[in-house]
Amino acid sequence: MFGYLRVQKSELLVREFEAYKSVYCGLCRQLGKDYSFLTRLILSYDCTFYAMLLMSLSRSCGGFYKGRCKCNPFKKCSFARCGDDAYGKAAALSVISAYYKLEDDLTDSGFFKRFAVRLIKPFFGRWHKKAAKNYPELEAPVSKMMEMQREVERDKSAGIDPSAHPTAVMLGTVLALEGVDDAQRRIYYEFGYHIGRWIYLIDAADDLEKDIKKDCFNPFRNVSAGDIREYQTSVLNQSLARAYDAYNLITLIDFKGIFDNMMLYGFPTKQNTVVYRIEEEENDKSI
Amino acid sequence: MTNPYEVLGVSPDASDEEIKKAYRDLAKKYHPDNYADSPLADLAEQKMKEVNEAYDEINRMRQKGKGTGSTGGTGSAGSYSAGGTNTQFYSVRIYIQRNMIQEAEKVLDSTPEGNRTAEWHYLKGMCAFRKGWSDQATQYFTTAVNMDPNNQEYRAALNNVTNQRSYNYGGYSTGTTTGTGGGDCSCCDVCTALMCADCLCSCCR
């Protein structure tokens, strides 16, 4: 995952922003605890979203506590306390997806980057093994996704829908794990599917220029639309709109304001900045 | 039974106005139109029913004896109707209704080129839509409408996806977007500039 699931800071209440930050810091701490100091570096907004969603669904957040930031000892942080394994799952998902991202980089990047990846990959191999052993239900969908993605990209002219399908299915499957009955699983799957699809497509839109230059696969290269940006916007809108439908059927109480902010402001704003290449100001250096 | 106030998300001592507003907001949110063609349509409908029942329940509790104004129907459920006038693809419609998309696609794909009518394109689009393949769905619906511009069913499906593609959807607003970028000069900026200018003026006097 790539860090597109953002909040719109200016529209959050201060206490909501504090809560969001404390989930972010809590996940960072978990990454350090479960794996290593270095894995803290792969902390992402996407996995923060995942952790916060898990905590909200199971209503397992039990308040906040103050502590010191490990990376910056002069900084005081607050951490969200969690009564179940939401952080553990989110940390595992971070490690697993980072590992596959590295593997992917090995096959399609330049010489120097490949060299760097070879250096750090052994460490990730070990962490990945640990995460995969403890959370096989998260490992399976991600490895399946990579396999499906390779299969799809073999056809250089693959369209938007089949290209986005693997990532979408992955996130749908991962979120469906949280449902307690069939109706919930369907809603979570649908929500995950369209958020996953949106993540894949916004990343593709982001990389389009680079991919054209390097002649790499990108589904938007196969689109013959008059205005590619308009086209990207409409495809992305549609994913968000369908995710929002599913979202409305999910009962959330904790962090509700933050999720509403993301669905209605954070994601559309991020989408706009990516598609129209708007310089990000305040919002970018949020935490 | 669950607490009707909880269903509407209001406190038990909320005023009638507040309850009405909460009810209206929820009814708008779960309105069948928002879930037309969606694989979650049945779940939204159920939610809508709960909200209606909760609202009725509260009304009943609040004005005992006066007789309550019912919430009335919420319009058609927007659910997918099999049957239709054209029975050429009856089995496909049944499959889609039951969310058996693979089976539906199998029948459609085995239809020879020559028999691929507007309805075929519409149903193909519906399969894609249910799978989450919104882009293909849009293309199929467009073709269906072009082939048979007078069919309301195809038109409704196309309208639905078009709305999704252009932000005018559910709670979405373009309020936060800055369009194609460029200088941000809002009303506030203009006001501030005027105020600054005004200050300068008073300095000189």
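Not measured: the values here are computed from a predicted model.

## Let's talk about the overall build of chain B
Next, step 1: Looking only at helices and strands, one finds 9 helices and 0 strands in chain B.
Next, step 2: Along the chain direction, N to C, the helices and strands of chain B fall in the order α-α-α-α-α-α-α-α-α.
Next, step 3: Taking contacts inside chain B between residues at least 6 apart in sequence as the whole, the part at least 24 apart equals 51%.
Next, step 4: Accessible surface computed for chain B: about 11900 Å², of which carbon and sulfur atoms make up 51%.

## Details of the pattern of salt bridges
Next, step 1: In this structure the tally under the stated criterion is 22 salt bridges over all chains.
Next, step 2: Two residues, aspartate 161 of chain A and arginine 197 of chain A, come together in a salt bridge whose shortest N-O distance is 2.7 Å. Of the two residues, aspartate 161 of chain A sits in helix 6 (residues 160-176) while arginine 197 of chain A sits in helix 7 (residues 182-214), which places them 36 residues apart along the sequence.
Next, step 3: The class of arginine 197 of chain A is buried, set by a relative accessible area of 1%.
Next, step 4: Residues lysine 21 of chain B and aspartate 25 of chain B are paired through a salt bridge, measuring 3.0 Å at the closest nitrogen-oxygen approach. On the criterion of helical spacing, the pair formed by lysine 21 of chain B and aspartate 25 of chain B is a turn pair, its members being 4 residues apart in helix 2 (residues 16-29).

## What about the confidence of the model for chain B?
Residues and elements named next belong to chain B.
Next, step 1: Across chain B, pLDDT averages 75, with 69% of residues at or above 70.
Next, step 2: When the criterion is pLDDT under 50, residues 67-85 qualifies, and its contacts beyond four places in sequence or with other chains add up to 33 contacts.
Next, step 3: A low-confidence stretch, residues 169-188 (pLDDT under 50), is modelled with 31 contacts involving residues beyond four sequence positions or located in other chains.
Next, step 4: Overall fold confidence (pTM) sits at 0.80, and the ipTM for the predicted complex is 0.78.

## Observations concerning unusual backbone geometry
All names here are of chain B.
Next, step 1: Here the phi dihedral of aspartate 37 falls at roughly 70 degrees; this positive angle occurs in a residue that is not glycine.
Next, step 2: Backbone geometry places asparagine 99, a non-glycine residue, at a positive phi of 65 degrees.
Next, step 3: Turning to its location among the elements, asparagine 99 is positioned in the loop between helix 4 (90-97) and helix 5 (101-109).

## What to know about a nonpolar patch on the surface
All names here are of chain A.
Next, step 1: Among the surface-exposed residues, Phe115, Leu119, Ile120 and Phe123 lie close enough to one another that they form a single nonpolar patch of about 410 Å² accessible area.
Next, step 2: Positionally, isoleucine 120 belongs in helix 4 (residues 111-134).
Next, step 3: On the basis of relative accessibility, which here comes to 39%, the residue isoleucine 120 falls in the partly exposed class.

## Here we look at the packing of helix 1 (residues 14-34) of chain A against helix 3 (residues 86-107) of chain A
Residue and element names in this part refer to chain A.
Next, step 1: At a minimum axis distance of 9 Å, the contact between helix 1 and helix 3 shows a crossing angle of 70 degrees. Comparing the axis directions of helix 1 and helix 3 gives the class roughly perpendicular. The way helix 1 lies across helix 3 gives a crossing that is right-handed. On the side of helix 1, the interface is formed by Ser22, Val23, Gly26, Leu27, Gln30, Leu31 and Asp34, while helix 3 contributes Tyr87, Gly88, Ala90, Ala91, Ser94 and Val95.
Next, step 2: Classifying every residue of the contact of helix 1 with helix 3 gives 7 nonpolar, 5 polar and 1 charged.

## Examining helix 3 of chain A
Next, step 1: Spanning 22 residues, helix 3 of chain A covers 32 Å between terminal C-alpha atoms, matching the ideal 32 Å at 1.5 Å per step.
Next, step 2: In terms of burial, helix 3 of chain A is a largely internal element, 16 of the 22 residues being buried.

## Here we look at the packing of aromatic side chains
Aromatic ring pairs: the centre-centre distance and the angle between the two ring planes describe each pair.
Residue and element names in this part refer to chain A.
Next, step 1: Inspection of the entire model under this criterion finds 17 aromatic pairs over all chains.
Next, step 2: Each ring, one from tyrosine 99 and one from tyrosine 100, has its centre 5.4 Å from the other, and the planes form 80 degrees; the classification is edge-to-face. Residue tyrosine 99 shares its accessibility class with tyrosine 100, and that shared class is buried.
Next, step 3: With a centroid separation of 6.0 Å and an interplanar angle of 20 degrees, the aromatic rings of tyrosine 244 and tyrosine 247 are classed as stacked. On the criterion of helical spacing, the pair formed by tyrosine 244 and tyrosine 247 is a turn pair, its members being 3 residues apart in helix 8 (residues 228-248).
Next, step 4: A relative accessible area of 9% places tyrosine 244 in the buried class.
Next, step 5: With a relative accessible area of 3%, tyrosine 247 lands in the buried category.
Next, step 6: Aromatic rings pair up to connect Phe49, Phe191, Trp198, Tyr244, Tyr247, Phe259 and Phe267 into one cluster.
Next, step 7: Its end group placed over the ring of tyrosine 35, lysine 130 keeps NZ or CZ at 5.4 Å from the ring centre.

What counts, and at which threshold
Residues numbered from 1 in each chain as written. Chains lettered and ligands numbered in written order. Predicted model: local features only at pLDDT ≥ 70, side-chain atom pairs only at ≥ 80, totals over all residues. Heavy atoms only, no water. Helix = DSSP H or I, 4+ residues; strand = E, 2+ residues; numbered from the N terminus. Contact = heavy atoms within 4.5 Å. Areas by Shrake-Rupley, 256 points an atom, 1.4 Å probe, with all protein chains shown as cover. Salt bridge = Lys/Arg side-chain N within 4 Å of Asp/Glu carboxyl O. Buried < 20%, exposed > 50% of the residue type's maximum accessible area, 1.4 Å probe, protein only. pLDDT = per-residue confidence, 0-100. Patch = residues over 30% accessible without salt bridge, like charges linked within 9 Å, V, L, I, M, F, W, Y side chains within 5 Å. Axes fitted to C-alpha atoms, helices over the stretch in contact; angles between N-to-C directions. Parallel < 35°, antiparallel > 145°, perpendicular 65-115°, else oblique. Left-handed = near helix turned anticlockwise from the far one by under 90°. Nonpolar A, V, L, I, M, F, W, Y, C, P; charged D, E, K, R; others polar. Expected span 1.5 Å × (residues − 1). Phe/Tyr/Trp six-rings, centres within 6.5 Å; stacked < 30°, edge-to-face > 60°. Lys NZ or Arg CZ within 6 Å of the ring centre and 35° of its normal.

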